[in-house]
Amino acid sequence: MAGTLLLYLVLLGCSERTRGTRTGTGAWLGGGPPDELPHMLNREAPFRYPAALFRRRTQGIVLLRLFVDSGGTVVADSTTVTESSGEPLFDSAARAGAALLTFRPARRRGTPISVVLLFPVHFRHPEGPPLPGDSL
């Protein structure tokens with residue numbers, strides 16, 4: 001049950017924030033912004049709530065910087081924590097899950113391109129209060 005709820009909450013959190021996610025930092029890879037942003041293809045979010053933090057009802061948000069190549073693969077070695085949750089276990093779980101993400105790649109004029117994007121991972125406990133910025 002916890003896994004299913006977490007999946008729902010992570011997907012909801014990621015989809016809400018990802019729509020407004022900035023790709024790159026203004027220095028676009030290959031000469032300009034994409035016409036289409038990358039789209040996550042995973043049927044289930046690969047992020048696992050650390051059991052010890054779940055038992056304590058600890059919550060957090062980790063903001064990752066991902067490099068998604070033109071094939072839609074996250075280059076795991078390039079993934080960094082841009083904003084820590086304050087809990088090392090959440091940060092580690094977010095980085096581990098990011099390596100399992102797959103995307104439909106970003107496109108510019110119909111051609112798949114590589115992009116850098118910011119990707120939030122929300123760890124929400126079902127009995128916890130709303131996290132800052134939540135719209136639930």
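The structure we're discussing is the one just above.
J.: How should the overall build of the chain be read in this particular structure?
T.: A tally of regular secondary structure across the chain gives three helices and seven strands. Ordered by position from N to C terminus, the α and β elements of the chain give α-β-α-β-β-α-β-β-β-β. Residues counted as buried form 42% of the 136 residues belonging to the chain. Within the chain, contacts between residues at least 6 apart in sequence are counted, and of these 78% link residues at least 24 apart. When the accessible surface of the chain is split by element, carbon and sulfur atoms take 54% of a total near 7,500 Å².

J.: Before we go on, may I ask you to explain the environment of Asp35 in this structure?
T.: Of note, Asp35 is situated in the loop between α1 (2–18) and β1 (39–40). What Asp35 contacts, discounting residues up to four positions off in sequence, is Arg107, Arg108, Arg109 and Gly110. Reaching out from Asp35, the side chain makes a polar contact with the backbone nitrogen of Arg109 at a distance of 2.4 Å.

J.: Sorry, what's going on with the environment of Leu89 here?
T.: Its place among the elements puts Leu89 in helix α3 (residues 88–98). Judged by its relative accessible area of 46%, Leu89 falls in the partly exposed class. For the pair formed by Leu89 and Ala51, sequence separation is 38 residues and the distance between their alpha carbons is 9.7 Å. With near-sequence residues (within four places) excluded, Leu89 lies in contact with Pro50 and Leu53.

J.: Can you walk me through the nonpolar core in this structure?
T.: With 23 residues, the main nonpolar core has Leu66, Leu101, Phe103, Phe119 and Phe123 as its most contacted residues. Those elements giving two or more residues to this core turn out to be β2 (60–68), α3 and β7 (115–123). Residues within four places of Leu101 in sequence aside, it is in contact with Met40, Asn42, Pro46, Phe47, Leu66, Val74 and Phe119.

J.: So what exactly am I meant to see when it comes to the pairing of β2 here?
T.: Here nine bridges tie β2 to β7, and the two strands are oriented antiparallel to one another. Note on β7: the bridge partner recorded for Leu66 is Leu117.

J.: How should I be thinking about the packing of aromatic side chains in this particular structure?
T.: The way to describe two aromatic rings as a pair is by their centre distance and the angle between their planes. Tallied over the entire structure, the rule returns six aromatic pairs. Both rings, one in Phe90 and one in Phe123, keep their centres 4.5 Å apart while their planes meet at 10°; by these two values the pair is stacked. Separated by 33 residues along the polypeptide, Phe90 in helix α3 and Phe123 in strand β7 bring together distant segments of the chain. Here the two residues Phe90 and Phe123 agree in accessibility, since each one is buried. Each residue in the set Tyr49, Phe54, Phe90 and Phe123 is aromatic and connected to the rest through ring pairs, giving one cluster.

The rules behind these values
Residues numbered from 1 in each chain as written. Predicted model: local features only at pLDDT ≥ 70, side-chain atom pairs only at ≥ 80, totals over all residues. Heavy atoms only, no water. Helix = DSSP H or I, 4+ residues; strand = E, 2+ residues; numbered from the N terminus. Buried < 20%, exposed > 50% of the residue type's maximum accessible area, 1.4 Å probe, protein only. Contact = heavy atoms within 4.5 Å. Areas by Shrake-Rupley, 256 points an atom, 1.4 Å probe, with all protein chains shown as cover. Polar contact = N/O pair within 3.5 Å; in protein donor to acceptor, adjacent residues only side chain to side chain. Core = buried A, V, L, I, M, F, W, Y, C linked by side-chain atoms within 4.5 Å. Pairing = 2+ DSSP bridges. Phe/Tyr/Trp six-rings, centres within 6.5 Å; stacked < 30°, edge-to-face > 60°.

It is worth stressing that arrangement in space is one thing and function is another; only the former is reported here.
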